[in-house]
Amino acid sequence: MANAVEQLFAVKVRIAAAEREAGRDAGAVTLVAVSKTFEAADIRPVIEAGQHVFGENRVQEAQAKWPALKAAFPEIELHLIGPLQSNKAKEAVALFDVIETIDREKIAVELAKEIARQGRTPRLHMQVNTGSEPQKAGIEPREAVAFVARCREVHGLAIEGLMCIPPADENPGPHFALLEKLSKEAGVAKLSMGMSGDYETAIAFGATSVRVGSAIFGSR
Ligand SMILES: *Cc1c(COP(=O)(O)O)cnc(C)c1O
């Protein structure tokens, strides 16, 4: 297995170059290192190399490895990037610092309830199904702006960003452009888009965070 720390630094160099090329400020893009399927022992050296923002796609898997890592490294910021079941809202609010995958009313209701109950306020992003793929999570693009407003007005939830996963077999550029346009219309500042195969493209389209897994940790 290639060295995750070396690959982390290589990705950071490419992010910095993509920021420059796009005329963005240095450090404008946050790297979310996606550690799903990897063990705490694989993740630790990456934390020790200075990476503090991580993404996981399953609540249960994250619960098994992150409480101990967060206790050891209090500066960790953990993002939930996978679909959230409403019966896991309690655990998600307790563990994650950013929940990126709000995509329906029921989740908004459950999260609002848990945030009030626990007094813990993770930052929130809404997932948009930019390709309208039936098997994929995310709100339909045409409903996204109104749902951001409903989250704020009805549920008291401040959505600070939008997130998308473009269809695997399509040019991602138009999907990133659509997400950027929706964020302007909805008045949200953050854009979580771009993965190992397309994060430089996403940065050109205005990503404020990129979610990179295999390019750092190796194939899953
Ligand atoms: C797994 C995953 C990633 C990272 O994918 P790579 O191609 O390994 O970089 C990014 N976003 C989401 C939502 C994921 O589930």
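Residues numbered from 1 in each chain as written. Predicted model: local features only at pLDDT ≥ 70, side-chain atom pairs only at ≥ 80, totals over all residues. Heavy atoms only, no water.

**Q** Please give an account of the overall build of the protein chain that cites residues and values.
**A** Regarding its fold elements, the protein chain presents 9 helices and 8 strands. Relative to a compact globule of 220 residues, whose C-alpha radius of gyration would be 17 Å, the protein chain shows 17 Å and is just as compact. Overall, the protein chain is about 45 × 40 × 30 Å in size when its C-alpha atoms are taken along their principal axes. Scored against the burial criterion, the 220 residues of the protein chain give a buried share of 50%. Accessible surface for the protein chain amounts to roughly 10100 Å². Of this, 51% is attributable to carbon and sulfur atoms. Where the 26 positive side-chain charges of the protein chain centre and where its 29 negative ones centre are 4 Å apart. (Helix = DSSP H or I, 4+ residues; strand = E, 2+ residues; numbered from the N terminus. Rg over C-alpha atoms; globule rule 2.2 N^0.38 Å. Buried < 20%, exposed > 50% of the residue type's maximum accessible area, 1.4 Å probe, protein only. Areas by Shrake-Rupley, 256 points an atom, 1.4 Å probe, with all protein chains shown as cover. Lys, Arg positive; Asp, Glu negative; His and termini not counted. Charge placed at Lys NZ, Arg CZ, Asp CG, Glu CD.)

**Q** Explain the pattern of salt bridges to me, using residue names and the numbers behind them.
**A** As enumerated under the stated definition, the model contains 18 salt bridges in all. Of the charged contacts, one joins R44 and E48 as a salt bridge, the two residues approaching to 3.9 Å between their closest N and O atoms. Taken as a pair, R44 and E48 lie in helix α2 (residues 40–48) at a separation of 4 residues, close to a single helical turn. You can call E48 exposed: its relative accessible area is 57%. Here E140 ties to R142 by a salt bridge, and the two come within 3.6 Å at their closest N and O atoms. (Salt bridge = Lys/Arg side-chain N within 4 Å of Asp/Glu carboxyl O.)

**Q** So what's going on with the nonpolar core? Residues and values would help.
**A** Counting 61 residues, the largest nonpolar core has F54 and W66 as its most contacted members. With sequence-adjacent residues up to four places away left out, F54 is seen in contact with V32, A33, S35, I43, V46, I47, W66, I76, E77, L78, H79 and F217. (Core = buried A, V, L, I, M, F, W, Y, C linked by side-chain atoms within 4.5 Å. Contact = heavy atoms within 4.5 Å.)

**Q** Which residues make up the packing of aromatic side chains, and what values go with them?
**A** What the rule picks out here adds up to 3 aromatic pairs. Here the aromatic rings of F54 and W66 are separated by 5.1 Å at their centres, their planes lie at 45°, and the arrangement is tilted. Pair noted here: F54 is in strand β2 (residues 53–56) and W66 is in helix α3 (residues 59–72), with a separation of 12 residues, a long-range link. Here F54 and W66 have matching classes, each one buried. (Phe/Tyr/Trp six-rings, centres within 6.5 Å; stacked < 30°, edge-to-face > 60°.)

**Q** Which residues make up the site of the ligand, and what are the values?
**A** Near the ligand, the surroundings consist of V34, K36, I81, M163, I165, M195, S196, R211, V212, G213, S214 and R220. R211 places a polar side-chain atom, nitrogen or oxygen, 2.9 Å from a nitrogen atom of the ligand. Counting atoms within 2 Å of the grid points, the majority share of the ligand lands in the largest pocket. Here the residues of the shell around the ligand are counted per class, giving 6 nonpolar, 3 polar and 3 charged. (Near = heavy atom within 4 Å. Polar contact = N/O pair within 3.5 Å; in protein donor to acceptor, adjacent residues only side chain to side chain. 1 Å grid on protein atoms, 1.4 Å probe; cavity = no way out; pocket = protein on both sides within 12 Å on 5 of 7 lines; lining within 4 Å. Sits in = over half its atoms within 2 Å of the grid points. Nonpolar A, V, L, I, M, F, W, Y, C, P; charged D, E, K, R; others polar.)

In short, shape yes, function no, at least from these values alone.
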